Amino acid sequence: MDVTAGGTGAGTSPNDATKVSRTCLDSSIWPGGTSTSRDVTATFRGEWEAQHPHGTVIYRNLTADPLPHLTDDVFIAGNEDPLRATLARELEQADVA
């Protein structure tokens, strides 16, 4: 996880007094420079950070740090993977995903 541009004081515009956060998920098997989707999300992220200099970006590379498959046995046993729970919490708290 890479948390960048942390802090408070930015909302939907630089003058807003509310905190704004964005979750960025990369899942392409191709590295940056060879992946169109990674290039697009990197461009969007850069633009978003420029417009929200005090916002928070939570970045996850799901290829490098994949979520484990949720099997019926794991679900029935009530076992929760910590990464899955963390990601769900981050997505729920993000203003933009």
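Residues numbered from 1 in each chain as written. Predicted model: local features only at pLDDT ≥ 70, side-chain atom pairs only at ≥ 80, totals over all residues. Heavy atoms only, no water.

(A) Quick look at the pairing of strand S2 (residues 21-26). Burial analysis of S2 places five of its six residues in the buried class, which makes it a mostly covered element. Strand direction decides the pairing type here: S2 and strand S3 (residues 56-61), joined by six bridges, are parallel. Looking at the pairing, Thr 23 lines up with Ile 58 of S3. (Buried < 20%, exposed > 50% of the residue type's maximum accessible area, 1.4 Å probe, protein only. Helix = DSSP H or I, 4+ residues; strand = E, 2+ residues; numbered from the N terminus. Pairing = 2+ DSSP bridges.)

(B) Main features of a nonpolar patch on the surface. On the surface, a nonpolar cluster with roughly 360 Å² of combined accessible area is contributed by Leu 70, Phe 75 and Ile 76. The topology assignment puts Phe 75 in helix H2 (residues 72-77). (Patch = residues over 30% accessible without salt bridge, like charges linked within 9 Å, V, L, I, M, F, W, Y side chains within 5 Å. Areas by Shrake-Rupley, 256 points an atom, 1.4 Å probe, with all protein chains shown as cover. Salt bridge = Lys/Arg side-chain N within 4 Å of Asp/Glu carboxyl O.)

(C) Spotlight on helix H3 (residues 82-93). For H3, spanning 12 residues, the distance from its first C-alpha to its last is 17 Å, which sits close to the expected 16 Å at 1.5 Å a residue. Among all positions in H3, only Leu 83, Leu 87 and Glu 90 are buried. Seen end-on, H3 carries its buried residues on one side only, within an arc spanning 60°. In H3, the exposed positions angled more than 90 degrees off the buried face are occupied by Pro 82, Glu 92 and Gln 93. Looking at the buried positions of H3, the neighbouring elements they touch are S2 and S3. (Expected span 1.5 Å × (residues − 1). Arc of directions from axis to C-beta. Contact = heavy atoms within 4.5 Å.)

(D) Main features of helix H1 (residues 36-51). In this model, H1 (16 residues) spans 23 Å end to end at C-alpha, consistent with the 22 Å of a helix rising 1.5 Å per residue. Taken together, the buried positions of H1 are Arg 38, Arg 45 and Trp 48. Angularly, the buried residues of H1 cover 90° about the axis, an arc narrow enough to put them on a single face. Structural note: H1 exposes Thr 36, Thr 43 and Ala 50 on the side pointing more than 90 degrees away from its buried face.

(E) Up close: the pattern of salt bridges. This model, assessed by the stated rule, comprises three salt bridges. Between Asp 26 and Arg 38 there is a salt bridge whose closest N-O contact spans 3.4 Å. Residue Asp 26 is located in strand S2, and its partner Arg 38 is located in helix H1; the two are separated by 12 residues in the primary sequence. One exposure class covers both Asp 26 and Arg 38, and it is buried. Linking Arg 60 and Glu 90 is a salt bridge whose minimum nitrogen-to-oxygen distance equals 2.8 Å. Of this pair, Arg 60 sits in strand S3 while Glu 90 sits in helix H3; the two residues are 30 residues apart in sequence, bridging distant segments of the chain. Residues Arg 60 and Glu 90 agree in their burial class; the two are buried.

(F) The arrangement of the environment of Pro 66 in detail. Following the sequence through the fold, Pro 66 ends up in the loop between S3 and H2. Between the C-alpha atoms of Pro 66 and Arg 84, which are 18 residues apart in sequence, the distance is 9.5 Å.

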